[in-house]
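Examination of the molecular architecture
As a plain string of letters, each chain reads:
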Amino acid sequence: MKKHKILPAILCGAILLSMAGCGQTTPATSTQSEAPTEGTTTEATTEATTEAPTETEATVPDNSDDIFVSAYPAFAVTSQSLHDGKWDEITANTLDGKNASPELSWEPVEGATEYAIYMIDMDTGYFIHWKSGNIKETTLPEGWAPKSEYIGPYPPSGSTHHYTVYVIALKAPVERMKGGINSIYAKVKDFIDALDTDAEGNTGNIVGVGRVSGAYTAK
């Protein structure tokens, strides 16, 4: 009689355990991450790399914006007499200045045998401050030009003028350079273009033109 009571009890317990097991639910797990939708950012995104800056147009010599020499290839010219876009006082023809021509430097231009220089006041009807030719050097120290070839800036008191130095690389000597210092010339472009013909009458004499510009303010 006892055996009959024990057996139903065992069966009932087994059934209850089975039902409890069937009733448990295990949260579904996913082994794959959902693809991010467009426009979202995830931490897994690779950080963008920044490429090294390339040489900018500002550092590449270019004459396309110049009214006198836009037709000619450009090369770089630097000056230690120019600081923060202003010519040093020593270059000026004033009581405080020394009337010394600016220091200029440039790399030798391939195909050139000599160089010519014009310095123009761009704010006074193209006033010529410097005119030198037959130059063989590519570094000119401050005060290099004789007084017969250079006169420094001297704008009216309190005014600021802008002065551009043109270094023209030539294949061969020319018959002469037009114009003179301490005078205004409306045809400065014609003077420079004339250097494109050498003393023998051959054209294509200008290999390239370098330039450097700065301002000067009179006290």
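Residues numbered from 1 in each chain as written. Predicted model: local features only at pLDDT ≥ 70, side-chain atom pairs only at ≥ 80, totals over all residues. Heavy atoms only, no water.

**Points about the pairing of strand β5 (residues 114-121)**
Within a regular strand, the side chains alternate between the two sheet faces. Inclusion rule: For every residue, the accessible area obtained with a 1.4 Å probe (protein chains only) is divided by the maximum for its type, and the residue is called buried under 20%, exposed over 50%, and partly exposed between those limits. Segments assigned H or I by DSSP are reported as helices when at least four residues long, segments assigned E as strands when at least two residues long, and all are numbered from the N terminus. The pairing criterion for strands is at least two bridges between them, as found by DSSP.
In terms of burial, β5 is largely enclosed, as 8 of its 8 residues are buried. Here β5 shows no split at all, with Glu114, Ala116, Tyr118 and Ile120 on one side and Tyr115, Ile117, Met119 and Asp121 on the other all buried. The sheet contact formed by β5 and strand β8 (residues 160-170) spans 8 bridges and is antiparallel. The partner of Asp121 across the bridge, within β8, is Tyr163. Alignment of β5 against strand β6 (residues 127-135), held across 6 bridges, turns out to be antiparallel. Opposite Ile120, over in β6, you have Ile128 as the bridge partner.

**Some remarks on the confidence of the model for the protein**
Threshold: pLDDT measures the predictor's confidence residue by residue and takes values from 0 up to 100. Contact definition: two residues touch when any of their heavy atoms are within 4.5 Å.
The predicted model of the protein has a mean per-residue pLDDT of 82, with 73% of residues at 70 or higher. Taken as a whole, residues 1-58 scores under 50 in pLDDT and shows 2 contacts with residues more than four places along the chain or in a different chain.

**Digging into the side chain of Thr91**
Checked against the element boundaries, Thr91 lands in the loop between β3 (86-87) and β4 (104-105). Each residue touching Thr91, except ones within four places of it in the same chain, is listed here: Ser81, Asn99, Ala100, Pro102, Tyr150, Gly152 and Pro153.

**Structural notes on the nonpolar core**
Our working rule: Within this scheme, the nonpolar core is defined by two criteria: the residues are buried Ala, Val, Leu, Ile, Met, Phe, Trp, Tyr or Cys, and they are joined through side-chain atoms within 4.5 Å.
Grouped together as the largest cluster of nonpolar side chains are 25 residues, with contacts concentrated most on Leu104, Trp106, Tyr115, Ile117, Trp130, Val165 and Val167. Among the secondary structure elements, those contributing two or more residues to this core are β5, β6, β8 and β10 (206-217). For this core, the leading source of residues is β8, giving 4 residues. Ignoring any residue separated from it by four or fewer positions in sequence, one finds Val167 in contact with Phe75, Val77, Leu104, Trp106, Tyr115, Ala116, Ile117, Gly208, Val209 and Gly210. Counting residues in hydrophobic clusters, the runner-up holds 18 residues, among them Phe68, Val69, Ile192 and Ile206.

**Structural notes on the packing of aromatic side chains**
Condition: Any Phe, Tyr or Trp ring, taking Trp's six-membered ring, that has another such ring centre within 6.5 Å forms a pair; planes under 30 degrees apart are called stacked, those over 60 apart edge-to-face, and the others tilted.
Enumeration over the complete set of coordinates arrives at 6 aromatic pairs. A centroid spacing of 5.2 Å and a plane angle of 65° characterise the contact between Trp106 and Tyr115, whose relative ring orientation is edge-to-face. Assigned by exposure class, Trp106 and Tyr115 land together as buried. Aromatic pair Phe127 and Tyr154: ring centres 6.1 Å apart, planes at 85°, arrangement edge-to-face.

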